[in-house]
Amino acid sequence: MKREDRMRNLLELRNMLKTRIDELEKELLRLRSMLDALDDILLEATITTADTLTSPAAVPEEGTKVEERLEPPSPQEVEEREILSGEERIGRILVNRAKGILILETEGDVRADSGPIGWLTRRLRELRRSSPGVAYNIEAEDGALRRIVVRGVPADEMDKLVNEMRWAIDRAYRNP
């Protein structure tokens, strides 16, 4: 095979790969969008508004298991914890202990590729390996961390993970 033919074949292969990568990136964006919509629906399902608290149907009977209730959990089941850097609010963590869900949302400029976020990602991977029911998703936009959703967090790991998330976000915000 001549050098020119070989180079032409390699260029064709390169173009095919670039086209396929573009297609996969578009599909990945669509899947992320679907996942975001699902996360929003799940988040809404875990928050109870004040008007539903006053209705008798919103108050579960004693002895009712959390899994059996059709209503969203009470506000006592969903805690909102601010993440501060000094006196500036840079995010929040929504904690649903009953379902083992943590949702971290950033408000400040936190780089997704920073060292502390890399450390947090490794920590989540370790948690997933040690606890098979754990799943997580890290969402970034233009290199900035937007949200981390962790599901299936064991009760004994919940507070520790919340503190680690706070630490990582604060560090990443202070040292971009």
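The following paragraphs examine the structure supplied in this document. Keep in mind that this is a model prediction, so the values were computed, not measured.

**Re the overall build of the chain**
Then comes step 1: Looking only at helices and strands, one finds four helices and five strands in the chain.
Then comes step 2: Reading the helices (α) and strands (β) of the chain from amino to carboxyl end gives α-α-β-β-β-α-β-β-α.
Then comes step 3: Sorting the 176 residues of the chain into buried and exposed places 32% on the buried side.
Then comes step 4: Approximately 11800 Å² of the chain is accessible, and the part contributed by carbon and sulfur atoms is 53%.

**Description of unusual backbone geometry**
Backbone geometry follows two general trends: most residues other than glycine have a negative phi, and most peptide bonds adopt the trans configuration.
Then comes step 1: A positive phi angle is found at Asp 142, which is not glycine, with a value near 55 degrees.
Then comes step 2: With respect to the helices and strands, Asp 142 occurs in the loop between strand 4 (135-141) and strand 5 (144-151).

**Brief notes about the sheet that holds strand 5**
Then comes step 1: Read from one edge of the open sheet, five strands run 1-2-3-5-4, paired in antiparallel fashion. Every other strand in the sheet has two partners, leaving strand 1 (78-85) and strand 4 as the edge strands with one partner each. In this sheet, adjacent strand axes meet at a mean angle of 15 degrees when their direction is disregarded.
Then comes step 2: Bridge count between strand 2 (residues 88-96) and strand 3 (residues 101-106): six bridges; the pairing is antiparallel.

**Looking at the environment of Arg 92**
Then comes step 1: Tracing the chain through its elements places Arg 92 in strand 2.
Then comes step 2: At 3.5 Å, the side chain of Arg 92 and the side chain of Glu 80 are in polar contact.
Then comes step 3: Of note is the side chain of Arg 92, whose polar atom sits 2.7 Å from the side chain of Glu 105.

**Let's talk about helix 3 (residues 115-130)**
Then comes step 1: Between its first and last C-alpha, helix 3 extends 23 Å over 16 residues, near the 22 Å set by a 1.5 Å rise per residue.
Then comes step 2: Among the residues making up helix 3, those that are buried are Pro 116, Ile 117, Leu 120, Thr 121, Arg 123, Leu 124 and Leu 127. All buried residues of helix 3 project into a common sector of 160 degrees when viewed along the axis, lining one side. Within helix 3, the exposed residues directed more than 90 degrees away from the buried face are Gly 115, Arg 129 and Ser 130.

**Notes on the packing of helix 3 against helix 4 (residues 158-174)**
Then comes step 1: Where helix 3 contacts helix 4, the axes come no closer than 8 Å and their chain directions differ by 160 degrees. As the angle between them shows, helix 3 and helix 4 are arranged roughly antiparallel. As helix 3 packs across helix 4, the resulting crossing turns out to be left-handed. In this structure, helix 3 uses Pro 116, Ile 117, Trp 119, Leu 120, Arg 123, Leu 124 and Leu 127 to contact helix 4, whose residues at the interface are Lys 160, Leu 161, Glu 164, Met 165, Trp 167, Ala 168, Ile 169, Arg 171 and Ala 172.
Then comes step 2: Each residue belonging to the contact of helix 3 with helix 4 can be placed in one class, and the counts come to twelve nonpolar, no polar and four charged.

What counts, and where the lines are drawn
Throughout, residues of each chain are indexed from 1 in the direction in which the sequence is written. In keeping with the predicted nature of the model, local features appear solely for residues at pLDDT of at least 70, side-chain atom pairs appear and are counted solely at 80 or more, and the whole-chain, interface and lining totals rest on all residues. To get the side-chain values, all heavy atoms of the structure are used, and hydrogens and water are removed first. In this text, helices come from DSSP runs of H or I with a minimum length of four residues, and strands from runs of E with a minimum of two, each type numbered from the N-terminal end. Burial classes: relative accessible area under 20% of the type maximum marks a residue as buried, over 50% as exposed, and values in between as partly exposed (1.4 Å probe, protein chains only). Here the open area of atoms and residues is found with the Shrake-Rupley method and a 1.4 Å probe, where only the protein chains shown may cover a residue. Only when DSSP finds a minimum of two bridges between them are two strands counted as paired. Fitted lines through C-alpha atoms give the axes, limited to the stretch in contact for helices. The angle between two N-to-C directions lies from 0 to 180 degrees. Pairing of N or O atoms within 3.5 Å defines a polar contact, subject to two protein rules: one partner must be a possible hydrogen donor and the other a possible acceptor, and residues neighboring in sequence count only if both atoms are side-chain atoms. Expected span, for any helix, means 1.5 Å times one less than how many residues it has. This arc is built from the directions going out from the helix axis to the C-beta atoms. Angles below 35 degrees are treated as roughly parallel, those above 145 as roughly antiparallel, those between 65 and 115 as roughly perpendicular, and all remaining angles as oblique. Helix crossings get a hand from a simple test, with the near helix turned counterclockwise from the far one by less than a right angle marking a left-handed crossing and a clockwise turn marking a right-handed one. A contact between two residues is defined here by any heavy atoms of the two lying within 4.5 Å. Charged residues are taken to be Asp, Glu, Lys and Arg, nonpolar residues to be Ala, Val, Leu, Ile, Met, Phe, Trp, Tyr, Cys and Pro, and polar residues to be all remaining types, Gly included.

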